[in-house]
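Here's the letter readout for the chains.
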Amino acid sequence: MYAHLFTDSINDQTKIWSYIYNLRHLEYHINNKGIINKIGYIYYAHKVRQLSRITGFQIPPNTCGKGLTIWHFGTIIVNANAKIGDYATFRPPLTIGHTENGGVPVIGDHVTINGGASVVGEIEIGDNVIIAPNAAVVKSVPSNVVVGGIPAKIIKEIS
């Protein structure tokens, strides 16, 4: 009866979309120099930092392409040098990180990374890939496949 007082999925989604909205505005102000953009940069950097504390997301500016979708609150850690293509979908918790030699992933378009997954190292993930929950991806993955396991292996090809 009073469950809505403690949890509200609409409010959660509002914070997630607010994070993405403010991240995109921060990217705009980073990429376009000028005095007005410095003021915008300060404002949006502050907003992103605040929302990062609420949501648990640590997604540096200019790492993700357009159309990023995040489904839930939770830990998302993305290395600042990683490159993620357009229309990525994240289901936390997940890590996109580097190895000891500093290599970071390059991830293609339309990639879904499910909860508990880690994508680590100087690897390439093709387009239209689904990374299963709790997978540890440490080797490059071709396009149009589903991968899972530790270490991740191709489970299924997508037509």
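The structure under discussion appears in the preceding block.
Below you will find a few notes about this structure. All of these numbers come straight from a predicted model, not from anything done at the bench.

## A few points about the packing of aromatic side chains
All told, the structure shown has 2 aromatic pairs when counted by the stated rule. For the ring pair Y19 and F57, a centre distance of 5.2 Å and an interplane angle of 80° mean the geometry is edge-to-face. One end of the pair, Y19, is in helix 1 (residues 9–31); the other, F57, is in strand 1 (residues 57–58), and 38 residues separate them in sequence. Each of the two residues, Y19 as well as F57, counts as buried. For the ring pair Y43 and Y44, a centre distance of 4.9 Å and an interplane angle of 85° mean the geometry is edge-to-face.

## Details of the pairing of strand 13 (residues 145–148)
By the alternation rule, side chains of strand 13 split into V145 and V147 and V146 and G148, which are all buried. Where strand 11 (residues 130–131) and strand 13 come together, 2 bridges link them in parallel fashion. Directly across from I130, in strand 13, lies its bridge partner V146. When strand 13 meets strand 14 (residues 153–157), the two strands line up antiparallel, connected through 4 bridges. Paired with V146 across the two strands is K156, which belongs to strand 14. The antiparallel hairpin formed by strand 13 and strand 14 contains 4 residues in its connecting segment, where G149 sits at a positive phi of about 100°.

## Some details on the environment of R91
Tracing the chain through its elements places R91 in the loop between strand 5 (89–90) and strand 6 (94–97). Those residues in contact with R91 that lie beyond four places of it in its chain are W71, T112, I113, N114 and G115. A distance of 3.2 Å separates polar atoms of two side chains, one belonging to R91 and the other to N114.

## Considerations on the side chain of N79
Along the chain, N79 falls in the loop between strand 3 (76–78) and strand 4 (83–84). When its relative accessible area of 15% is taken as the criterion, N79 is described as buried. Setting aside residues no more than four positions away along its own chain, N79 makes contact with P60, T63, I96, G97, H98 and V104.

## What about the sheet that holds strand 8 (residues 112–113)?
If you trace the 6 strands from one edge of the open sheet to the other, you get 2-5-8-11-13-14, paired in mixed fashion. Both edges of this open sheet fall to strand 2 (69–70) and strand 14, since each of them pairs with a single strand only. As judged from the 2 bridges shared by strand 8 and strand 11, these two strands associate in the parallel manner. Within the sheet, the bridge partner assigned to I113 lies in strand 11 and is I131.

## Points about the pattern of salt bridges
Pairing between side chains of opposite charge can happen when the charged atoms of each approach one another. In total, this model carries 1 salt bridge according to the counting rule given. As a salt-bridge pair, R24 and E27 come within 2.9 Å of each other at their nearest N and O atoms. Separated by 3 residues within a single helix, R24 and E27 lie in helix 1, roughly one turn from each other. Looking at R24, the relative accessible area reads 23%, which means it is partly exposed.

## Considerations on the side chain of T69
Tracing the sequence through the fold places T69 in strand 2. For T69, a relative accessible area of 18% gives the class buried. In contact with T69, other than residues within four places in its own chain, are W17, A88, T89 and F90.

Procedures and definitions
Residues numbered from 1 in each chain as written. Predicted model: local features only at pLDDT ≥ 70, side-chain atom pairs only at ≥ 80, totals over all residues. Heavy atoms only, no water. Phe/Tyr/Trp six-rings, centres within 6.5 Å; stacked < 30°, edge-to-face > 60°. Helix = DSSP H or I, 4+ residues; strand = E, 2+ residues; numbered from the N terminus. Buried < 20%, exposed > 50% of the residue type's maximum accessible area, 1.4 Å probe, protein only. Pairing = 2+ DSSP bridges. Contact = heavy atoms within 4.5 Å. Polar contact = N/O pair within 3.5 Å; in protein donor to acceptor, adjacent residues only side chain to side chain. Salt bridge = Lys/Arg side-chain N within 4 Å of Asp/Glu carboxyl O.

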